[in-house]
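Each chain, written out:
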Amino acid sequence: MANPLTPDVLVDPVVLTRTLVDIESVSRDEKVIADCVEDVLRQSPHLHTERYGNTVMARTGLGRGQRVILAGHLDTVPINGNFPSTVVDDLIYGCGTSDMKSGVALALHLAATLPEPGYDVTYLFYEAEEIESQFNGLHLVAQEHPEWLRADFAVLLEPTYGVVEAGCQGTLAARIRTHGRRAHTARAWRGVNAIHAAGEVLRRLADYRPRTVTIDGCTYREGLNAVRIVGGVAGNVVPDECEVEVNLRFAPDRTEKQALDHVHEVFADFDIEVTDSAPGALPGLGAAPAREFLTAVGAEPAAKLGWTDVSRFAALGIPALNYGPGDPALAHAPDEHVEIGKIRDGAATLHRWLTAYE
Ligand SMILES: [Zn+2]
């Protein structure tokens, strides 16, 4: 197959978005698109290119004082009657238009057309973001080629509708158990009802006042919620155990350990089992390239409330944020689309940022 990513396509991020969407690349099937991207990057004399699995890395080596990463995943969720792309007025429809081939197009367009950016740039096009973490290209590169990820700042081009979304909240899941003693309900006084005891757990949840925390101008709203409740033995038995599953979403000024301590504080005297935990990421907008990036965007940042790959960079000590042309509300939807104007704005913003200090 001739590579559809020709020089004419690479100079126009809108045409490039469509061309990338039209290369099918559902997770675990990214070989063809990775081949095409690798081929383009290897033909660019200003880039040093390497590949691991279906993840492709290319970087400049200009000896600049700072290095930034532009990253995007090549995979999409399964197609759903929305392949290949179509254009209606100023919208491109199709699987991956928003999440996140329009973002990948911005990075690939800059990689191919900007030989002397003001920062050294590492471009990272990775596989398998939409499936289990063990296959995630960024996760694999962090294990096998951590030197590819050395940088002062990273931008993930995930859909944010042109808004800077910084940092992300952490998450902790735990089971709060109450214990009692079984008895026949006809002689209930001989038992202790564990479901009744769970009333106190629910009362504490109902009384809970979550924090709102502002860091670097980004406001994070925490939450502590019961997400499941299990208990009961039979219609004539006083139950001896009840379990309330709770989920804490915590602002990134708390570590995982502090979040856990907090759960122990709220549910003091109860039996607590943690079932899942992932750290948040501070917005890290103090880094010089991050400040310049915000200037180029010219709008206030917002807090990212969900968990994203930004945390993987944060875990490596690299401040990172999300910024992309797609609308996150349309990601994974059958009518997924992207506005052509948002692609043009994004390309202009990134270009402004990367050429400000040439
Ligand atoms: Zn995505």
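Look a little higher up for the structure.
Residues numbered from 1 in each chain as written. Predicted model: local features only at pLDDT ≥ 70, side-chain atom pairs only at ≥ 80, totals over all residues. Heavy atoms only, no water.

Quick look at the pattern of salt bridges
Step number 1: Applying the stated criterion to the full structure yields 21 salt bridges.
Step number 2: A salt bridge links Arg51 to Glu38; the nearest nitrogen and oxygen atoms lie 2.8 Å apart. In this pair, Arg51 is assigned in strand β1 (residues 48-52) and Glu38 in helix α3 (residues 31-42), connecting sequence segments 13 residues apart.
Step number 3: Given the relative accessible area of 24%, Arg51 is considered partly exposed.
Step number 4: Overlapping salt bridges, with partners in common, bring together Arg175, Arg177, Arg228, Glu241, Glu243, Glu245 and Glu273 in one network. (Salt bridge = Lys/Arg side-chain N within 4 Å of Asp/Glu carboxyl O. Helix = DSSP H or I, 4+ residues; strand = E, 2+ residues; numbered from the N terminus. Buried < 20%, exposed > 50% of the residue type's maximum accessible area, 1.4 Å probe, protein only.)

Section: the packing of aromatic side chains
Step number 1: Taken as a whole and judged by the stated rule, the model has 5 aromatic pairs.
Step number 2: Relative to Trp353, the ring of Tyr119 lies with its centre 5.7 Å away and its plane at 50 degrees, an arrangement referred to as tilted. Note that Tyr119 is positioned in the loop between α4 (97-113) and β6 (120-126) and Trp353 in helix α10 (residues 340-355), a separation of 234 residues in sequence. As far as burial versus exposure is concerned, Tyr119 and Trp353 are alike and both buried.
Step number 3: Relative to Trp353, the ring of Phe293 has its centre 4.9 Å away and its plane inclined at 85 degrees; by these criteria the two rings are edge-to-face. Highlighted residues: Phe293 in helix α8 (residues 288-297) and Trp353 in helix α10, separated in sequence by 60 residues. (Phe/Tyr/Trp six-rings, centres within 6.5 Å; stacked < 30°, edge-to-face > 60°.)

So, the nonpolar core
Step number 1: Formed by 59 residues in total, the largest nonpolar core has its most connected members in Leu70, Leu108, Phe293 and Trp353.
Step number 2: Among the elements that line this core, the one with the most residues is α4, at 8 residues.
Step number 3: Here Trp353 is in contact with Val68, Leu70, Tyr119, Phe153, Val155, Pro289, Glu292, Phe293 and Ala296, once residues within four sequence places are set aside.
Step number 4: Formed by 20 residues, the second largest nonpolar core is a distinct cluster that contains Leu172, Tyr208, Cys242 and Val266. (Core = buried A, V, L, I, M, F, W, Y, C linked by side-chain atoms within 4.5 Å. Contact = heavy atoms within 4.5 Å.)

Overview of the side chain of Glu165
Step number 1: With respect to the secondary-structure elements, Glu165 resides in strand β8 (residues 165-166).
Step number 2: One polar contact links Glu165 to Lys304, side chain to side chain, over a distance of 2.8 Å.
Step number 3: Non-local contacts of Glu165, meaning those with residues more than four positions away in its chain, are made with Thr160, Ala302, Lys304, Leu321 and Asn322. (Polar contact = N/O pair within 3.5 Å; in protein donor to acceptor, adjacent residues only side chain to side chain.)

Points about unusual backbone geometry
Step number 1: In this chain, Phe83 is followed by Pro84 through a cis amide linkage whose omega measures -5 degrees.
Step number 2: In the segment running from Asp99 into Met100, the intervening peptide bond is cis, with an omega of -5 degrees.
Step number 3: Structurally, the position occupied by Met100 is in helix α4.
Step number 4: Unlike most non-glycine residues, Arg28 shows phi in positive territory, near 75 degrees.

A look at the sheet that holds strand β19 (residues 337-339)
Step number 1: Strand order across the open sheet formed by 3 strands is β4-β5-β19, with antiparallel pairing between neighbours. The strands lining the two open edges of the sheet, one partner per strand, are β4 (86-88) and β19. On average, each strand axis in the sheet is tilted by 25 degrees relative to the strand beside it, whichever way the strands run.
Step number 2: Relative to strand β5 (residues 91-93), β4 runs antiparallel, the two sharing 3 bridges. Counterpart to Val88 in the pairing with β5 is Leu91.
Step number 3: Across the sheet, helix α2 (residues 13-21) touches β4, β5 and β19, and the angle it forms with β5 is around 15 degrees.
Step number 4: Contacting β5 and β19, α4 runs over the sheet at an angle of about 50 degrees to β19. (Pairing = 2+ DSSP bridges. Axes fitted to C-alpha atoms, helices over the stretch in contact; angles between N-to-C directions.)

What about the sheet that holds strand β16 (residues 271-278)?
Step number 1: Pairing is antiparallel in the open sheet, where 4 strands are placed in the order β13-β15-β9-β16. Both edges of this open sheet fall to β13 (223-231) and β16, since each of them pairs with a single strand only. Neighbour-to-neighbour, the strand axes of the sheet open up by a mean angle of 20 degrees, direction not taken into account.
Step number 2: The pairing of β13 with strand β15 (residues 241-250) spans 8 bridges and is antiparallel. Considered in β15, the bridge of Ala226 is made with Val246.
Step number 3: Helix α6 (residues 194-207) rests against β9 (170-179), β13 and β15 of the sheet, and its axis sits at about 15 degrees to β15.

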